[in-house]
Amino acid sequence: MTDGKPLDGLTVIEISSFVAAPLGGMTLAQLGAEVIRIDPIGGGPDHDRWPLAPSGTSLYWTGLNKGKRSVTLNLRDPEGRRILGDLVAAAGPGGGPGGGPGGGPGGGIVLTNTVGQQWLSYAELARLRPDLIHLQIQGNRDGSPAVDYTVNAATGFPLITGPEELGTPVNHVLPAWDVACGLYAAIGLLAAERRRQRTGAGSRITLALADVALAVAGHLGFLAEAQVSGTDRPRIGNHLYGGLARDFQTADGHRVMVVALTSRHFADLAAAAGLTETFAGLERLLDADFRRDSDRYQHRKVLTALLEPWFAGRQLADLERDLAGASVLWSVYRSFTDLVNDGTLAANPLLREISQPGVGSLLAPGIPLVTDDVTAVSPAPVLGADTASVLSAQLGLSGADLRSLADRGITGGAA
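Computed from a predicted structure; not experimentally measured.

Draft legend 1. Summary view of unusual backbone geometry. For the bond from tryptophan 50 to proline 51, the omega torsion is 5°, close enough to zero to count as cis. As for its placement among the helices and strands, proline 51 is situated in the loop between β2 (34-40) and α2 (59-64). Here the phi dihedral of phenylalanine 18 falls at roughly 65°; this positive angle occurs in a residue that is not glycine. Relative to the helices and strands, phenylalanine 18 is located in the loop between β1 (11-15) and α1 (20-30). Looking at phenylalanine 18, the relative accessible area reads 34%, which means it is partly exposed.

Here is the structure:
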């Protein structure tokens, strides 16, 4: 066992909404950082976002804010913005009002996706804390707005997703670029904090959602393919581009995804299906070599047509028996409800039971990194529940100070 969590002593001030910035903050919180999320009184635009629990509590908001502390301020009021600046300057172990030498060494870190507010800019906050680390998430590199769905549309993926015969774009429900952006944000803040430890210098970081999508499209070869070939990748439905994989239906109505990623996978699949000699004859007929990815992909339709009857003639239990011990990669398609009801969630140590205010008892995931530390899963806070305790601990405000701020509508309490 190690002494404490990896990011003990780090304090992050998060002013955010929706997915990317909250996910970045939660990732740091699950590694041990104290993440203080600042929201307007009554909540930001994502506080009531679907899906909702029967009580009306947002499962989306609680899911993305586990392990954080919640402070609500009237950010339209200059005094509310001043308090935010004081928190940025002072936050961190050993911190105190006024920033500079009084600021805690693990503080002075801001994560935000709020754009166009001068009081929240690097230039303004660095006046209060010269070693400030400030990461600004935005839609496009020039600061103009964009969200995951518009970035995805602009990057090309919906035009190569879906069945071959479809002529219209296909969006997907996973906000992939938001997720990647949030994880990039967490890495960026940690890199900047390590630099500050070495040099004492702060950092001004911007991270555009559109750049994240473009970078990933480039890393995976999509952009290079278009530049080199001059053509768009075709739609191929549930096939695997450049290899052999597809979904099949079983005799009892299940659908399974089967992936023969390597020549060994393909050989094992052929053997299990009793098609080794058939495929060998097909190789001779087509002058192909099915040990090669390219040949398996080129002849995918005839190969999968030969495999279809074998899958269609077997129930799921038969497949589990016939493919046991083989290298073939495969899985039955399951719904989220299936994962809840078949014991998958309860059996995985990633998920721990928590009591989430407004929701009740449920299994919630911690961080997927497996370390020597046993990572507890903490529920999301009630909106504004930590306002008084954070302002008292970080800024030294008295009970009378806190009551005055609340009475004047500068701070909020638990919603």
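Draft legend 2. Here's a closer look at the pattern of salt bridges. Counting across every chain of the model gives 23 salt bridges. A salt bridge links aspartate 39 to arginine 37; the shortest N-O distance between them is 2.8 Å. Aspartate 39 gets classed as buried once you look at its relative accessible area, which sits at 0%. Take arginine 37: its relative accessible area is 1%, and that puts it in the buried class. For the salt bridge of aspartate 293 with arginine 296, the shortest nitrogen-to-oxygen distance reads 2.4 Å. With a gap of three residues between them, aspartate 293 and arginine 296 both fall in helix α11 (residues 293-298), about one helical turn apart. According to the relative accessible area criterion, aspartate 293 is partly exposed, its value standing at 39%.

Draft legend 3. Focus on the environment of glycine 139. Looking at where glycine 139 falls in the secondary structure, it is placed in the loop between β5 (133-138) and α5 (148-155). Residue classification places glycine 139 among the buried positions, given a relative accessible area of 8%. In sequence terms glycine 139 and threonine 150 are 11 residues apart; their C-alpha atoms lie 9.5 Å from each other. Ignoring any residue separated from it by four or fewer positions in sequence, one finds glycine 139 in contact with Ser144, Pro145, Ala146, Ala208, Leu209 and Ala210.

Cut-offs applied
- Residues numbered from 1 in each chain as written.
- Predicted model: local features only at pLDDT ≥ 70, side-chain atom pairs only at ≥ 80, totals over all residues.
- Heavy atoms only, no water.
- Helix = DSSP H or I, 4+ residues; strand = E, 2+ residues; numbered from the N terminus.
- Buried < 20%, exposed > 50% of the residue type's maximum accessible area, 1.4 Å probe, protein only.
- Salt bridge = Lys/Arg side-chain N within 4 Å of Asp/Glu carboxyl O.
- Contact = heavy atoms within 4.5 Å.

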